[in-house]
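Residue-level structural notes
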Amino acid sequence: MGLYLLRRLYQTVIVFFVITAIVFLMLHISGDPVELLLPQDATEQDVVELRQTLGLDKPLLVQYGIFLANAMRGDLGVSYHHGQPALKLVLERLPASLQLVCTSILISIIIAIPLGVLSASRRGKLLDRLSLLGSLVGISSPPFWIGIVFILVFAVELRWLPSSGRGTWAHLVLPATSLALYRLALFMRLVRAGMLDIMTQDFIRTARSKGVSEKMVIYKHALKNTLIPFVTIAGMQMGSLLAGAIVTEKVFAWPGLGRLFLDSIGVMDYPVIIAWTLVIATIFLSINLFVDIIYVWLDPRIRHEK
Amino acid sequence: MKNNIKTAAPHTGNGPDSDTTYSAPMASFLGYKYIPAERQLLHSFVSNKLVLGASVLFILCVLGAVFAPLISPVDPIEQTLRARLRPPIWYERGLSPYILGTDRLGRDVLSNIIYGLRISLMVGILSVALSLVIGLTLGLIAGYARGFWENLIMRAVDVQLSLPLIMVALCFMVIFGQGLGKMIIVIAITGWAVYARTVRGTVLSIREKEYVEAAHALGFGPGTIMIKYLFLNAITPILVLTAVQVPRVIILEATLSFLGVGVPVSTPSIGLCIARGYQVLFSGSWWASIFPGLALMFLVGCINVLADWLRDALEPRSREQV
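Values in this document were obtained by computation on a predicted structure and should not be read as measured data. (Residues numbered from 1 in each chain as written. Chains lettered and ligands numbered in written order. Predicted model: local features only at pLDDT ≥ 70, side-chain atom pairs only at ≥ 80, totals over all residues.)

Description of the overall build of chain B
Where we set the bar: Helix and strand labels come from DSSP, where a helix needs a run of H or I of at least four residues and a strand needs a run of E of at least two; each type is numbered from the N terminus. Exposure in this text rests on C-beta crowding, where 20 or more other C-beta atoms within 10 Å of a residue's own make it buried, 12 or fewer make it exposed, and counts in between make it partly exposed. The C-beta atoms are placed from the backbone.
What chain B contains, in helices and strands, is twelve helices and zero strands. Helices and strands in chain B line up, N terminus first, as α-α-α-α-α-α-α-α-α-α-α-α. The buried share of chain B, taken over its 322 residues, is 42%.

See below:
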């Protein structure tokens with residue numbers, strides 16, 4: 001198991017370096033920020049000077065080396081637009097995004113697990129059909145559109161909840177719920193499918209034939225084993241949710257990472273775009289690594305392997 | 001096998017509803033037994049009303065997309081200033097050819113939906129086809145050639161799969177700029193890895209089989225073997241994967257366009273349409289954003305239903321690719 005973890009760690013580090021290289025290279029192929037930064041009447045001298053201060057005049061490999069060395073110290077450059085360290089800007093926005101993502105993943109898990117179990121144990125009944133139909137709608141709707149529907153219903157028509165901004169808990173309700181819907185549908189299907197699969201296995205039949213009550217069979221034997229693969233997928237969804245929250249943040253004017261990224265695209269603020277990508281990738285990779293460890297630890301078949 | 005059964009307390013008698021919960025999977029299991037294998041696919045298709053309905057709706061969508069210039073009431077990008085922000089036709093202020101109303105610049109919502117679905121389907125099919133070609137080729141090479149190339153390709157797959165798709169797509173779109181063709185390529189790049197992994201897995205699982213060895217011994221070249229045996233074995237997982245990928249890609253396209261990094265603003269795309277409708281949402285003009293989203297939801301929903309059916313029919317035991 002130790003060897004496995006070591007290999008996973010090594011793999012994660014490699015992936016991370018590949019990402020830094022790709023992001024760095026791609027952004028430098030894409031365009032020159034100097035023209036955007038300088039006023040219309042800038043002289044040739046101004047251009048050369050700005051290129052020097054930004055370090056854009058050096059060979060690409062040297063630039064990447066400097067970038068990597070600085071990144072190790074947590075210095076990802078200064079935002080062209082805001083004049084502040086890019087990493088600081090991104091990290092400042094992180095709590096807002098994490099709040100949104102964690103709330104929405106909690107909402108989806110809390111609803112999806114009982115719903116999936118109930119649905120599986122009443123297969124073919126009305127509740128099962130309704131929740132399957134609901135989950136179909138959930139996985140088929142564009143997440144940003146769900147947000148718009150929520151705004152229309154709960155903010156514009158009913159005037160129950162605020163439609164944008166961050167502040168009170170009421171502000172969190174609509175964005176978190178609309179972001180949760182797709183994962184809720186996905187998790188519910190996963191739990192349901194997992195339960196149905198497990199319910200046909202031998203150890204469930206053994207438990208039943210021993211006279212274990214149906215409740216115990218469902219909640220103790222089946223659910224426990226369903227949740228092991230579920231942990232992996234739910235964990236990995238959390239990382240991608242952080243990137244996916246970008247549309248929800250746009251719709252609800254939520255001041256998170258995604259908004260910062262979208263604003264930075266408009267002004268070609270390279271350091272911030274790089275910092276965003278690296279922060280998201282770091283979180284995503286760490287979560288995946290962590291989830292893998294948990295998974296190995298949860299499943300005794302893997303845990304006891306040499 | 002887990003040994004947690006012994007921890008359960010002994011209990012006499014079953015719960016009141018144990019009979020029904022147990023009978024459903026058994027019934028469907030028993031029901032399948034009487035259908036000849038070759039007719040199972042057709043039977044499961046016809047017997048499921050949801051699947052039938054979804055395929056009818058899907059075919060209508062495809063026809064609508066193909067014949068968009070013929071059926072759409074007006075030109076989707078034509079701006080009619082006298083008909084700005086008209087509600088759907090059943091409202092008092094509704095205007096004649098604009099059945100689902102108009103947006104801020106007087107563009108017909110229905111025509112935009114029809115042309116938008118055309119773009120959605122086009123991006124969905126083309127980019128999935130492209131990632132299929134890339135993934136299939138690299139997967140076959142990785143599985144068949146082994147050694148250095150396998151390592152290189154599989155590490156690339158690892159990198160690709162260890163990143164959030166939307167992040168990769170966003171970064172590439174920012175770098176390359178807007179454009180329909182660019183977006184198809186970018187989305188294809190985000191999707192090839194799953195194909196490569198699946199194809200390689202299939203190749204590895206059958207390359208040691210006797211009939212492949214026999215083909216080798218009979219003097220068939222690697223090309224023939226690849227196409228004849230490896231590809232035929234991989235076709236089922238590829239089909240299922242494709243059915244799952246298309247709806248994802250369609251939503252990704254809408255998302256990128258909604259964020260303003262997808263297709264250029266002059267293109268009638270559902271994502272752009274919703275983005276424009278969103279700007280006028282607070283002034284009460286809900287139709288410009290709700291209808292396009294609803295249309296996309298139906299299209300994606302149909303494909304999801306068909307994909308689920310296809311997966312259940314072809315791979316009854318698989319549940320990993322959700």
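On we go.
Quick notes on the nonpolar core
Worth spelling out the cut-off: Put simply, a nonpolar core is buried Ala, Val, Leu, Ile, Met, Phe, Trp, Tyr and Cys residues tied into one set by C-beta atoms within 7 Å. Throughout, a residue-residue contact means that the two C-beta atoms, derived from backbone geometry, are no farther apart than 7 Å.
Counting residues in hydrophobic clusters, the biggest one holds 160 residues, and the most contacted among them are A:V90, A:A275, A:W276, B:A169 and B:L306. Ignoring anything within four residues of it in the chain, the contact list for A:V90 reads A:L257, A:L260, A:V272, A:A275, A:W276 and A:V279.

Some details on the environment of B:L161
Looking at where B:L161 falls in the secondary structure, it is placed in helix α6 (residues 147–161). C-alpha of B:L161 to C-alpha of B:A193: the two residues are 32 residues apart in sequence and 6.7 Å apart in space.

Details of the interface of chain B and chain A
Threshold: The residue classification treats Ala, Val, Leu, Ile, Met, Phe, Trp, Tyr, Cys and Pro as nonpolar and Asp, Glu, Lys and Arg as charged. All others, Gly included, are polar.
Facing the 49 residues of chain B at the interface are 65 residues of chain A. Those elements giving two or more residues to the side of chain B that touches chain A turn out to be α1 (18–33), α6, α7 (165–176), α10 (222–258), α11 (270–279) and α12 (287–314) of chain B. At nine residues, α12(B) tops the list of elements feeding residues into the side of chain B that touches chain A. Across the side of chain B that touches chain A, the residue classes break down as 31 nonpolar, 14 polar and four charged.

Some details on the packing of helix α5 (residues 86–121) of chain A against helix α8 (residues 169–199) of chain A
All names here are of chain A. How we decide: For every element, the axis is a line fit to its C-alpha atoms; helices are fit only across the contacting stretch, and the angle between N-to-C directions ranges from 0 to 180 degrees. It is the rotation of the near helix from the far one that decides the hand of a crossing: anticlockwise by less than a right angle makes it left-handed, clockwise makes it right-handed.
Packing of α5 against α8 brings their axes to within 6 Å, and their N-to-C directions diverge by 35 degrees. Classified by chirality, the crossing of α8 by α5 is right-handed. The residue inventory of the contact of α5 with α8, partitioned by class, reads 21 nonpolar, seven polar and two charged.

Digging into helix α5 (residues 109–145) of chain B
Let me state the cut-off plainly: Helices are assigned an expected span. That span is 1.5 Å times one less than the residue count.
The end-to-end C-alpha distance of α5(B) is 52 Å, a good match for the 54 Å that 37 residues give at a rise of 1.5 Å each. Positive phi appears at B:R146, one or two residues downstream of α5(B), with a value of about 60 degrees.

Description of the packing of helix α3 (residues 49–66) of chain B against α12(B)
All names here are of chain B. The following threshold applies: Every angle not falling under 35 degrees, over 145, or within 65 to 115 is termed oblique; those three ranges are roughly parallel, roughly antiparallel and roughly perpendicular.
Contact geometry of α3 with α12 gives a least axis separation of 9 Å together with a crossing angle of 130 degrees. What the angle tells us is that α3 and α12 run oblique. Considering how the two elements wind past one another, α3 and α12 form a crossing that is left-handed. Between α3, through L50, V51, A54, S55, L57, F58 and C61, and α12, the contact on the second element is made entirely by F298, L299, C302, I303, V305, L306 and W309. Its residues placed into classes, the contact of α3 with α12 shows 13 nonpolar, one polar and no charged.

So, the environment of B:I89
All names here are of chain B. Looking at the element boundaries, I89 is found in the loop between α4 (68–71) and α5. Under the C-beta neighbour-count criterion, I89 is labelled partly exposed, with 15 such atoms within 10 Å. The sequence separation of I89 and G101 amounts to twelve residues, and the corresponding C-alpha distance is 6.5 Å. In contact with I89, other than residues within four places in its own chain, are G94, Y98 and I99.

Quick look at the confidence of the model for chain B
All names here are of chain B. Defined as follows: Known as pLDDT, the predictor's confidence for each residue is given on a scale from 0 to 100.
Residues of chain B with pLDDT of at least 70 account for 83%, and the chain-wide mean is 78. Confidence, expressed as mean pLDDT per element, reaches its minimum in chain B at α1 with 42 and its maximum at α5 with 90. Low confidence marks residues 30–36, where pLDDT is under 50. Its contacts with residues over four positions away, or in another chain, come to three contacts. When the criterion is pLDDT under 50, residues 318–322 qualifies, and its contacts beyond four places in sequence or with other chains add up to ten contacts. For this predicted complex, the interface score ipTM comes out at 0.83, alongside a pTM of 0.83.

Observations concerning unusual backbone geometry
Residue and element names in this part refer to chain A. If you check the backbone angles, R159 has positive phi at about 55 degrees while not being a glycine. Along the chain, the position of R159 falls in the loop between α7 (143–157) and α8. Despite not being glycine, A253 has its phi angle at roughly 50 degrees, a positive value. Mapped onto the elements of the fold, A253 is located in the loop between α10 (214–251) and α11 (257–266). A residue is classified by how many C-beta atoms lie within 10 Å of it, and A253, with 13 of them, is partly exposed.

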